[in-house]
Amino acid sequence: MKFEELYARFHAQPWFDLASVKVLFSTESEASMRTALYRLAREGKILALRRGLYCFKAPYAHQAVSGPALANALYRPSYLTERWALSWYGIIPEKARMYTSVSPKPTKSFNNELGEFRYRSIKQALFGGYTGATILGNEVQLACPEKALLDLWYLEPGDWTLERLASWRISPGLINTAALRRLAEKYIGQRMERAVSAWANYIQAYDEGEAIE
């Protein structure tokens, strides 16, 4: 496998996979291709994003790889939600260091030079409420604000009390409570019902400027 041929074929793409490499170098064995890709990674020419998925590194990269777009691509189907989405919308003040997504597939995590990517398993019936958003010039599948908040409540253990909501410093003005209630109907269980009730109390206290202790 020659790097020049690999570069000529894939340099205009943000990333490329082993299946495409097999097509390009069809006369070579998979073992030799994997060895060559490993060598190129050691030489700093390409980066392994996960097993079987790669991108070129500077100065060979034609374009910077977008972390949010990569989050969608590393594990399909998936969409960004809970902490990362809430941070991106400005609903919580903290900057999310980890790309948090959900998928109907088993829980999975990936780590590479571009960040930490976590995928939490969610029921197929709850896999929805996301939309396309342009982030860093790429179209990304992202939970709507209300779904991101519900996913957080659903996936994090424990009750979401008034005090716990306050500790997250959530900005309720960025949440459409009517839409949240509609989406919450799919989450069956008393714990989620209590969370929605606590949210109503949180909004009232927030609007009235009351301290929550």
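Here, the structure is the one placed above.
Asks: Quick rundown of the pattern of salt bridges? Include the residues and the values.
Replies: What the rule picks out here adds up to 13 salt bridges. Among the ionic pairs, K57 bridges to E113, the shortest N-O distance being 3.3 Å. Linking K57 in the loop between β3 (53-56) and α4 (67-74) with E113 in the loop between β6 (108-112) and β7 (115-121), this pair joins segments that are 56 residues apart in sequence. The closest approach of N and O atoms between D151 and K147, which form a salt bridge, is 2.7 Å. Here K147 and D151 lie together in helix α6 (residues 145-155), a separation of four residues that amounts to about one turn. Look at D151 and you get buried, because its relative accessible area is 0%. For K147, a relative accessible area of 3% gives the class buried.

Asks: A description of the packing of α6 against helix α8 (residues 177-184) should follow, citing residues and the corresponding values.
Replies: For the pair α6 and α8, interaxial distance at closest approach is 9 Å and the crossing angle is 50 degrees. Between α6 and α8, the crossing angle belongs to the class labelled oblique. Every pair of crossing elements has a handedness; the one defined by α6 and α8 is right-handed. Counted together, E146, K147, L149, L150 and W153 of α6 and A179, L180, L183 and A184 of α8 form the full contact between these two elements. Tallied by class, the residues present in the contact of α6 with α8 amount to seven nonpolar, no polar and two charged.

Asks: Please give an account of the packing of α6 against helix α9 (residues 190-207) that cites residues and values.
Replies: Interhelical geometry of α6 versus α9 gives an angle of 130 degrees and a closest axis separation of 10 Å. By the criterion of interaxial angle, the relationship of α6 to α9 is oblique. Pair α6 / α9 crosses with right-handed handedness. Within the contact between the two elements, α6 uses L149, L150, W153, Y154 and L155 and α9 uses R191, M192, A195, V196 and W199.

Asks: Go over the side chain of S78 with me, naming the residues and quoting the values.
Replies: Take S78: it is sitting in the loop between α4 and β4 (79-80). Reaching out from S78, the side chain makes a polar contact with the backbone oxygen of Y75 at a distance of 2.6 Å. The residues contacting S78, other than those within four sequence positions of it, are A71, N72, S101, V102, S103, Y119, F127 and Q141.

Asks: So, the sheet that holds β3: which residues are in play, and what are the values?
Replies: In a beta sheet, neighbouring strands are held together by backbone hydrogen bonds and run either parallel or antiparallel to one another. If you trace the three strands from one edge of the open sheet to the other, you get β1-β3-β2, paired in antiparallel fashion. The sheet is open, and its two edges are formed by β1 (16-17) and β2 (46-50), each paired on a single side. Summarising the sheet, β1 and β3 pair through two bridges and their orientation is antiparallel. Of the residues in β3, the one forming a bridge with F16 is Y54.

What counts, and at which threshold
- Residues numbered from 1 in each chain as written.
- Predicted model: local features only at pLDDT ≥ 70, side-chain atom pairs only at ≥ 80, totals over all residues.
- Heavy atoms only, no water.
- Salt bridge = Lys/Arg side-chain N within 4 Å of Asp/Glu carboxyl O.
- Helix = DSSP H or I, 4+ residues; strand = E, 2+ residues; numbered from the N terminus.
- Buried < 20%, exposed > 50% of the residue type's maximum accessible area, 1.4 Å probe, protein only.
- Axes fitted to C-alpha atoms, helices over the stretch in contact; angles between N-to-C directions.
- Parallel < 35°, antiparallel > 145°, perpendicular 65-115°, else oblique.
- Left-handed = near helix turned anticlockwise from the far one by under 90°.
- Contact = heavy atoms within 4.5 Å.
- Nonpolar A, V, L, I, M, F, W, Y, C, P; charged D, E, K, R; others polar.
- Polar contact = N/O pair within 3.5 Å; in protein donor to acceptor, adjacent residues only side chain to side chain.
- Pairing = 2+ DSSP bridges.

By themselves, these are just geometric observations and shouldn't be taken as functional.
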